[in-house]
Amino acid sequence: MDKKLKQFFVKSFVVLLLIHLGYFLYGYFKFDGIGNIYINTEFYRFKFYDDVSISQFFVTGLFLLIFLIFLLKNHSKQNYSFANLLKIGGVLLLVSFLSFSFFLSYSFGMNAKLKSELSEAKFNKDKMLLNVLNPFLYNYTSYSSEKLFNPLNILYPKPYPVIEVVDSTLISGNYYSVDYRYYSIDTLKMLTTDLNKVSNAAGTILDSIGFGKKELLDRIIKKNIIKDSTEIIYKGRTVDPRYDVDICIFVENNSLYKPVKGVPVEKQQYDAAVKRYKLIYKYKPDSLVANFQKLDTLLKKYRVQSSITPKQLAKEVAYFKDHNNELLNGINNNFDRKILEEKFTTLDRLFYEPNYLHPSIIGIFFGVVFGAWLLGFLIYILFNYKRKRPR
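Residues numbered from 1 in each chain as written. Predicted model: local features only at pLDDT ≥ 70, side-chain atom pairs only at ≥ 80, totals over all residues. Heavy atoms only, no water.

### Regarding the overall build of the protein chain
Rules: Where helices and strands are cited, they refer to DSSP runs of H or I of at least four residues and of E of at least two residues respectively, numbered from the N terminus. Buried means the residue's accessible area, taken with a 1.4 Å probe over protein chains only, is under 20% of the maximum for its type, while exposed means over 50%, and partly exposed covers the values in between. Whether two residues touch is decided by their heavy atoms; if any such pair falls within 4.5 Å, the residues are in contact. Using a 1.4 Å probe, accessible areas were evaluated by the Shrake-Rupley method; residue-level cover was limited to the displayed protein chains.
When helices and strands are tallied, the protein chain shows 13 helices and 4 strands. Per-residue burial over the protein chain gives 42% buried out of 391 residues. Summarising the internal contacts of the protein chain: among those between residues at least 6 apart in sequence, 75% fall at separations of at least 24. Accessible surface, the protein chain as shown: approximately 22700 Å² in total, 58% of it carbon and sulfur.

Here's what the structure looks like:
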């Protein structure tokens, strides 16, 4: 490959990069912002009929036509070896790809604008706030759901979490008496050799937890072997969450609004439960009000319609905390839950599954790129062969 051909390729790449920069900037300034994101929002999908697609047809066609004319006119008289022809073919393939991928730079521009308005760190911070406040955000009918709100969801404080044991006793006919008992889930570690000789170890180990060998075996939930030791997860002391003054309905839900990517879900659930418990029981009421004010700001940022009043909502949370046996049939936490859910689902997709090249056009795109490259390369070889100077 001679010097003039290399210079021609370099100039061509500079022109292509400038065109890509133009599409990038167009995408950057065309993005409407996170407030206007809706469920079907995605990075650019080649649609064949809009301004990006139509302009790409003209720009790509014009560039490739001019490129091929100059290539054949000025650089098709050389007697290149097979190895050099392969190198030229590789460069032409890259030119072909860059010429048909301007719309990708448009998507990258949209993504850059999104990240400038909402970085991943800020997005995760919003998720963590919603995860902490999630039990306060349900509509009032959801608080009667035994699936969403129940003692098994309690993660904090100790001795929770608990395990539920249900005993039913036949009274008469089809009538049963159902008894619910709750035990703390505790952990005991001992050498495996001691476990195998548990009767001998009862005096030194089992007495310390209040029961003997048979009762221990009945209470075992799970055993994990760790090297030369055994970890026993067992039902510990009896507890009664329903009558625990440090437990209210808002603590009986461990659901995450949206998990943060890359962090174990169990850790997020526990951390959110700890902070939520402290907001309800440990910190001053102003702390809960401040968090509801952050929620109000978040809803405005994402343009979600809301009628939340932070101080009023905090008062209602305090009321139902102190009246745990009272049915929660009204709490002023009204906002457009569907829109908020859709926006966070869409943002998750845009952040972690961006699909710059939409699956529906992958085959067409690479087929066009390869076809254009093959046609151009064959034309170049043909012209190079016919116009080759005699020795």
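### Comments concerning helix α10 (residues 285-301)
Quick reminder of the rule: Expected helix span is taken as 1.5 Å per residue step, with the number of steps being one fewer than the number of residues.
The end-to-end C-alpha separation of α10 is 25 Å, in line with the 24 Å expected for 17 residues at 1.5 Å each. Among the residues making up α10, those that are buried are Leu288, Val289, Asn291, Phe292, Leu295, Asp296, Leu298 and Leu299. Of the surrounding elements, those touching the buried residues of α10 are α5 (120-133), α9 (265-282), α11 (310-322) and α12 (337-352). Immediately beyond the C-terminal end of α10, within one or two residues, lies Arg303, with a positive phi of roughly 55°.

### Topic: α12
In this model, α12 (16 residues) spans 23 Å end to end at C-alpha, consistent with the 22 Å of a helix rising 1.5 Å per residue. Along α12, the positions that sit buried rather than exposed are Leu340, Glu342, Lys343, Phe344, Thr346, Leu347, Asp348, Leu350 and Phe351. Tucked inside the fold, the buried residues of α12 contact α4 (102-117), α5 and α10.

### Structural notes on the environment of Asp271
Here Asp271 shows up in helix α9. A C-alpha to C-alpha distance of 8.4 Å links Asp271 and Val132, two positions 139 residues apart in sequence.

### Section: the side chain of Asn333
Topologically, Asn333 is positioned in the loop between α11 and α12. Beyond its immediate chain neighbours, meaning those up to four positions away, Asn333 contacts Phe136, Leu137, Tyr138, Tyr143, Ile308 and Leu313.

### What about the pairing of strand β4 (residues 229-239)?
This is how the line gets drawn: Here the rule is simple: two strands pair whenever DSSP picks up at least two bridges between them.
With 8 of 11 residues buried, β4 lies mostly within the body of the structure. Note that strand β3 (residues 220-226) and β4 share 6 bridges and pair antiparallel. Of the residues in β4, the one forming a bridge with Asn224 is Glu231. Here β3 folds back onto β4 in antiparallel fashion, the turn holding 2 residues, of which Lys227 has a positive phi close to 55°.

### Quick look at the UniProt feature "transmembrane region" (unreviewed entry) in the protein chain
For clarity, the threshold we go by: UniProt positions are given in the numbering used here, feature names are shortened, and annotations may be inferred rather than shown by experiment.
UniProt's entry tags residues 12-29, 54-72, 84-108 and 361-383 with the feature "transmembrane region" (unreviewed entry), counted in the numbering of this structure. Annotated as 100% helix and 0% strand, the span residues 12-29 places its first and last C-alpha atoms 26 Å apart.

### Some details on the pattern of salt bridges
Heads up, the condition is: Salt bridge, as used here, is a side-chain nitrogen of Lys or Arg placed within 4 Å of a carboxyl oxygen of Asp or Glu.
Counted by the stated rule, this structure contains 8 salt bridges. A salt bridge links Lys300 to Asp296, with the shortest nitrogen-to-oxygen separation between them at 3.4 Å. Here Lys300 pairs with Asp296, and both are found in helix α10, just 4 residues apart, close to one helical turn. Residue classification places Asp296 among the buried residues on the basis of a relative accessible area of 17%. The salt bridge involving Asp322 is made with Lys321; its shortest N-O contact spans 3.8 Å. Judged by its relative accessible area of 54%, Asp322 falls in the exposed class. We classify Lys321 as partly exposed; its relative accessible area is 22%.

### Description of the packing of helix α1 (residues 3-30) against helix α2 (residues 51-74)
Here is the rule we go by: Fitted lines through C-alpha atoms serve as axes, helices being fitted only where they are in contact, and the angles separating the N-to-C directions of these axes extend from 0 to 180 degrees. Each angle is binned into one of four classes, with values under 35 degrees roughly parallel, values over 145 roughly antiparallel, values of 65 to 115 roughly perpendicular, and all other values oblique.
Across the interface, α1 lies against α2 with an axial gap of 12 Å and an inter-helix angle of 170°. Looking at the two axes, α1 sits roughly antiparallel to α2. Along the contact surface, α1 presents Leu5, Phe8, Phe9, Ser12, Val15, Leu16, Ile19, Tyr23, Tyr26 and Lys30, while α2 presents Asp51, Val52, Ser55, Gln56, Val59, Phe63, Phe67, Phe70 and Leu71.

### Re a nonpolar patch on the surface
Put simply, the test is: Residues forming no salt bridge and having over 30% relative accessible area are the ones grouped into patches, like charges within 9 Å of each other and nonpolar side chains (Val, Leu, Ile, Met, Phe, Trp, Tyr) within 5 Å.
A contiguous nonpolar surface patch, about 590 Å² in accessible area, is contributed by Val10, Val14, Leu18, Leu21, Leu25 and Phe29. If you trace the backbone, Phe29 turns up in helix α1. Classification of Phe29 by relative accessible area gives exposed; the value is 63%.

### Let's talk about unusual backbone geometry
With an omega dihedral of 10°, the bond running from Lys158 to Pro159 counts as a cis peptide bond. With respect to the secondary-structure elements, Pro159 resides in the loop between α5 and β1 (162-172). Omega for the bond connecting Tyr160 with Pro161 falls within 30 degrees of zero, at 10°, which places this linkage in the cis form. Structurally, Pro161 is set in the loop between α5 and β1.

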